[in-house]
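The primary structure of each chain is shown beneath.
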Amino acid sequence: MLRGARVSALGGLAIAMLSACDRPASGEAAKTTTAIATTSASDTSGFRLDGERFEPAGIFAIGTEGESSWRITVTRTPSDCASLRSRYPEHPVSAGSLDLWLAQRRGLAEERDAWSVRGGFVNGVAGGRALITRGAMVEGVRANETVVAIKGLELALQEHGQAARLYQFDGDLLATNCGRVSRPEANRPQTKLNLRIDGVPVVIRGASVRPEGNRHYLRLTRAPHRCDSAVTEGYDFYVDLALTGDPPRVALVALIGETFPESATGSKGSETFNVQAKNWRAETGNVALTLNGTLDAGGTAVAFEGELDALRCTPLPR
């Protein structure tokens, strides 16, 4: 466990199919939800639990400001965008609601692959639990100010355990667009850092350094984060730069998240990568780093140039 102090989206890396994602006007979200629930049987009756069809009370899409992924929330009891936005990125409190994360993977050289379901979560009265993905396919996703339309969605998500229930859906899905929410973490814009992934500039608003074993990991995110942020909830991806030694030198880089292939890691280029650090040996205060070099992350070029001010994460005493 770690301790520490507490946007414009990247155009080159943003999902090309998405349009503006602002919060619907007051009263508009409720009307859209009603329209979605009554549009046609093909929109909502495709949900099944252990083979029995059920009709959701509402279907909502919400995301993180500065990112591109969508969380689709399927509720079993009435809800609205205001309540979802007030808790985001936490899951809804309504028992039986289903959360799905949709992401569009970015291939090499800016080629974009199809959308994918990157995980499922079912909410319970006393908490919730992640679901096992038995199968998931998405043909495409489009969004405007009021709705997010998901085409060709096929799902098979199962609970853990012996009496595991199976959630399924087949068909097209419409969700009320609840917009994108600013992260509660403090914004830490790295204006002096020039980071490019395959030549595409990436704006960084979150930076931290954390010790793990004999290494330190510099973590960079487009949306803000702090030491205890759950980066698997609401972030498209994050960049981890592994540093070793004192003074530090780079060991490898990793692009982590559904936006990139699982093999997006590597150390090629580390021998010429330059790292300069201030306040590196201190136990408190931020870490100032100057980086210059390019690393090959499994075929993806990750280039760093400039200075950054990173939050220092220190382990809590056990």
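Conventions we followed
Residues numbered from 1 in each chain as written. Predicted model: local features only at pLDDT ≥ 70, side-chain atom pairs only at ≥ 80, totals over all residues. Heavy atoms only, no water. Helix = DSSP H or I, 4+ residues; strand = E, 2+ residues; numbered from the N terminus. Buried < 20%, exposed > 50% of the residue type's maximum accessible area, 1.4 Å probe, protein only. Areas by Shrake-Rupley, 256 points an atom, 1.4 Å probe, with all protein chains shown as cover. Pairing = 2+ DSSP bridges. Disulfide = S-S within 2.5 Å. Core = buried A, V, L, I, M, F, W, Y, C linked by side-chain atoms within 4.5 Å. Contact = heavy atoms within 4.5 Å. Phe/Tyr/Trp six-rings, centres within 6.5 Å; stacked < 30°, edge-to-face > 60°. Salt bridge = Lys/Arg side-chain N within 4 Å of Asp/Glu carboxyl O.

A.B. asks: Explanation requested: the overall build of the protein chain in the structure shown.
C.D. replies: Regarding its fold elements, the protein chain presents 3 helices and 22 strands. Here the protein chain holds 318 residues, and the buried ones make up 50% of them. With the model as given, the accessible surface of the protein chain reaches about 14,600 Å², and the carbon-plus-sulfur share is 49%.

A.B. asks: Is there a simple way to think about the pairing of strand β10 (residues 147–158) in this case?
C.D. replies: Looking along a regular strand, one sees the side chains alternate between the two faces of the sheet. For β10, a buried count of 9 out of 12 residues is recorded, marking the element as mostly surrounded by other parts of the structure. One ladder, built from 4 bridges, connects strand β9 (residues 140–143) with β10; its direction is antiparallel. From the neighbouring strand, Val141 faces β10, where its bridge partner is Ile150. In sequence, β9 turns back onto β10 through a hairpin of 3 residues. As paired strands, β10 and strand β11 (residues 166–181) are joined by 10 bridges and run antiparallel to one another. What sits directly across from Leu155, in β11, is Phe169.

A.B. asks: Where do I start with the state of the cysteines in this structure?
C.D. replies: Here the structure, examined in full by the defined rule, presents 2 disulfides. One disulfide in the model links Cys227 with Cys313; its S-S distance is 2.0 Å. Here Cys227 and Cys313 share a disulfide; its torsion about the S-S bond, -90 degrees, makes the bridge left-handed. Highlighted residues: Cys227 in the loop between β15 (215–221) and β16 (238–244) and Cys313 in the loop between β21 (300–312) and β22 (314–315), separated in sequence by 86 residues. Judged by its relative accessible area of 5%, Cys227 is buried. By relative accessible area, which is 2% here, Cys313 ends up buried.

A.B. asks: Can you walk me through the nonpolar core in this structure?
C.D. replies: The tendency in soluble globular proteins is for nonpolar side chains to be buried as a group. Counting 30 residues, the largest nonpolar core has Leu220, Leu241, Leu289 and Phe304 as the members making the most contacts within it. Beyond its immediate sequence surroundings of up to four residues, Phe304 is in contact with Asn194, Leu195, Leu220, Val239, Leu241, Val253, Phe273, Leu291, Asn292, Gly293 and Leu295. Judged by nonpolar contacts, the second largest core, of 27 residues, contains Leu49, Phe54, Val122 and Ile150.

A.B. asks: Even after reading the chapter, I still don't get the side chain of Arg219, so can you show me in this structure?
C.D. replies: Take Arg219: it is sitting in strand β15. Not counting the four nearest positions on each side in its chain, Arg219 is found in contact with Gly206, Ala207, Ser208, Arg210, His225, Val231, Tyr238, Val239 and Asp240.

A.B. asks: What's the story with the packing of aromatic side chains in this structure? I'm lost.
C.D. replies: To describe a pair of aromatic rings, you give the distance between the ring centres and the angle between the ring planes. A full pass over the atoms with the stated rule returns 4 aromatic pairs. Relative to Phe169, the ring of Phe47 lies with its centre 4.5 Å away and its plane at 45 degrees, an arrangement referred to as tilted. Here Phe47, found in the loop between α2 (41–44) and β2 (48–49), pairs with Phe169, found in strand β11; they are 122 residues apart in sequence, far enough to count as distant. Taken individually, Phe47 and Phe169 each receive the classification buried, so the pair is uniform in this respect. Consider the rings of Phe273 and Phe304, whose centres lie 5.7 Å apart with planes at 75 degrees: the pair is edge-to-face.

A.B. asks: How do you make sense of the pattern of salt bridges when you look at a structure like this?
C.D. replies: Pairing is possible between side chains that carry opposite charge, provided their charged atoms lie close to one another. One pass over the structure, following the stated rule, counts 11 salt bridges. Residue Glu185 is joined to Arg183 by a salt bridge in which the shortest nitrogen-to-oxygen separation is 2.8 Å. Grouping residues by exposure puts Glu185 and Arg183 together as buried. For Asp246, the salt bridge is made with Arg281, and the minimal N-O distance between the two is 3.3 Å. Of this pair, Asp246 sits in the loop between β16 and β17 (249–256) while Arg281 sits in the loop between β19 (274–278) and β20 (287–297), and the two are 35 residues apart along the sequence. What you see here is one network of salt bridges that share partners, running through Glu67, Arg222 and Asp236.

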